[in-house]
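Breakdown of the fold
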Amino acid sequence: MNTSVASDFETPRPSHRGRVETAAIVAAKLLVTGACFWYVSRQIDWRQASSAIPLLEFRWAALAIFVVMLQIPLVGLRWYNIVDALAARDQQMTRTAVTAATSVGLFFSQVLPNVAGEGMRAWLLVRLGSNWRTAVTSVLIDRGVGVGLLIVLGFVVLLLPSGLTALSGYRDVVLIVYGALILAGALGLLLAPKIASPLARWRYSRWFATLAADVHRVLLGSKGPVVLSIGCLIHAFTIVVVWLVGRAQGLALPLPDAMVLFAVMTGAVVVPISIGGWGLRELAVVSLLGTHGVAPEKALLFSVCFGLALAIGSLPGALAWILFPFPSARRSVKPPAPGVFAR
């Protein structure tokens, strides 16, 4: 990699303009979240919604939160293997340390926009001995693996015999879009070395070339099957969480229906236009379940309970942030400009 480009990753300097852009993005996401909740609230009888809360089976909800917590070490292990595949693991980057950094990032992703959580993960990895280029690259690859597997599973889920797969008449359109994304991703992965070569000739696209080469090395290298298998297991645990939240409300969800709801709710979280997917997820669930006779109040409570399970399940990250002995940040280490993750 060109030295000047590497230095851009290792010692980025946040600017006033970058902070203004970040504040504007957060404000826009808050506006979208509020607008979605306002739209959903117009369909809700709040007395019925509040009367359904005491009927929740909190044992099932507690089990759902426990499963969310079990996902934290799995996400940490996936990220650990990605860093290892990049041949950039320092002695301080033990499985325990990387898992602690992961839990902190997941916690911040629940209380702040996702970009904040990913930025925290990269920053903590730098404190563990990584350079900024590797830290940012590893987080981007880890995020990409999760989203890519979500698209693949979503495509498979829409082929299952479930009434929810109709998606209010948009099933075929979604299948075409997902299929096109999967094909583009597979071709891009296979052709990454050839794509990287011309991109490396220009200064402003050189880091794309390096990222493409790193993705190819991670996913098609010896660690690829491990990374992808852990990613699938993480999504399987999320499907279990969806099913458990349904049981907490007295909904006996068939497995195909739980998988469809998983694809819809996690897909809403991935779309970066609201805070942690809140509001957008509730709008999607109320619209989807409403076409199948589920009252808006019950659908809203289902989505909110799912979001709360994720939020409460991320609380170990707050303890890790307070208690885990991360190495002190070096003076030369500066956090990356917010735009690195926001764009």
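Here we come to the overall build of the chain. In terms of regular secondary structure, the chain is built from 16 helices and 0 strands. A buried classification covers 45% of the 343 residues belonging to the chain. Considering only residue pairs separated by 6 or more positions, the chain has 76% of its internal contacts joining residues 24 or more positions apart. Accessible surface computed for the chain: about 16800 Å², of which carbon and sulfur atoms make up 68%.

Applying the stated criterion to the full structure yields 5 aromatic pairs. Between the aromatic rings of Phe107 and Phe108, the centroid separation amounts to 5.6 Å while the plane-to-plane angle is 80 degrees, which identifies the pairing as edge-to-face. In this structure Phe107 comes out as buried when scored by relative accessible area, which is 16%. Residue Phe108 is classed as buried on the basis of its relative accessible area, which comes to 16%. Both rings, one in Trp123 and one in Trp321, keep their centres 6.2 Å apart while their planes meet at 55 degrees; by these two values the pair is tilted. With Trp123 in helix 6 (residues 114–127) and Trp321 in helix 15 (residues 316–323), this pair connects stretches of sequence that are 198 residues apart. Its relative accessible area of 35% is what places Trp321 among the partly exposed residues. Taken together, the ring pairs connect Phe107, Phe108, Trp123 and Trp321 into an aromatic cluster.

In this section: the environment of Arg127. Within the secondary structure, Arg127 is located in helix 6. Remark: the alpha-carbon pair of Arg127 and Ser328, spanning 201 residues in sequence, is separated by 6.7 Å.

Across all of its chains, the model carries 9 salt bridges by this definition. Here Arg78 makes a salt bridge to Asp142, at a shortest N to O gap of 2.7 Å. On the criterion of sequence distance, the pair formed by Arg78 in helix 4 (residues 58–85) and Asp142 in helix 7 (residues 132–157) is long-range, its members being 64 residues apart. As far as the burial class goes, Arg78 and Asp142 line up, both buried. In this structure, Asp142 engages Arg121 in a salt bridge whose closest nitrogen and oxygen atoms are separated by 2.9 Å. In this pair, Asp142 sits in helix 7 while Arg121 sits in helix 6, placing the two residues 21 residues apart along the sequence. Each of Arg78, Glu118, Arg121, Asp142 and Arg143 takes part in salt bridges that share partners, so that together they form one network.

Counting residues in each nonpolar core, the largest one holds 36 residues, and the members touching the most others are Val241, Val242, Leu261, Met265 and Phe302. Mapped onto this core, the elements with two or more residues apiece are helix 4, helix 7, helix 11 (224–248), helix 12 (255–270), helix 13 (280–290) and helix 14 (296–313). Of the residues forming this core, the biggest block, 8 residues, is contributed by helix 12. What Phe302 contacts, discounting residues up to four positions off in sequence, is Val242, Val245, Gly246, Gln249, Leu251, Leu253, Leu261, Met265 and Val285. Core analysis: the second largest hydrophobic core is formed by 25 residues, Ala97, Ala101, Val104 and Ala320 among them.

At a minimum axis separation of 7 Å, helix 5 (residues 95–111) and helix 15 run at an interaxial angle of 120 degrees. One way to sum up the angle between helix 5 and helix 15 is to call them oblique. Classified by chirality, the crossing of helix 15 by helix 5 is left-handed. For the pair helix 5 and helix 15, the contacting residues are Ala100, Ser103, Val104, Phe107 and Phe108 in the first and Pro316, Gly317, Ala318, Ala320 and Trp321 in the second. Tallied by class, the residues present in the contact of helix 5 with helix 15 amount to 8 nonpolar, 2 polar and no charged.

Calculation notes
Residues numbered from 1 in each chain as written. Predicted model: local features only at pLDDT ≥ 70, side-chain atom pairs only at ≥ 80, totals over all residues. Heavy atoms only, no water. Helix = DSSP H or I, 4+ residues; strand = E, 2+ residues; numbered from the N terminus. Buried < 20%, exposed > 50% of the residue type's maximum accessible area, 1.4 Å probe, protein only. Contact = heavy atoms within 4.5 Å. Areas by Shrake-Rupley, 256 points an atom, 1.4 Å probe, with all protein chains shown as cover. Phe/Tyr/Trp six-rings, centres within 6.5 Å; stacked < 30°, edge-to-face > 60°. Salt bridge = Lys/Arg side-chain N within 4 Å of Asp/Glu carboxyl O. Core = buried A, V, L, I, M, F, W, Y, C linked by side-chain atoms within 4.5 Å. Axes fitted to C-alpha atoms, helices over the stretch in contact; angles between N-to-C directions. Parallel < 35°, antiparallel > 145°, perpendicular 65-115°, else oblique. Left-handed = near helix turned anticlockwise from the far one by under 90°. Nonpolar A, V, L, I, M, F, W, Y, C, P; charged D, E, K, R; others polar.

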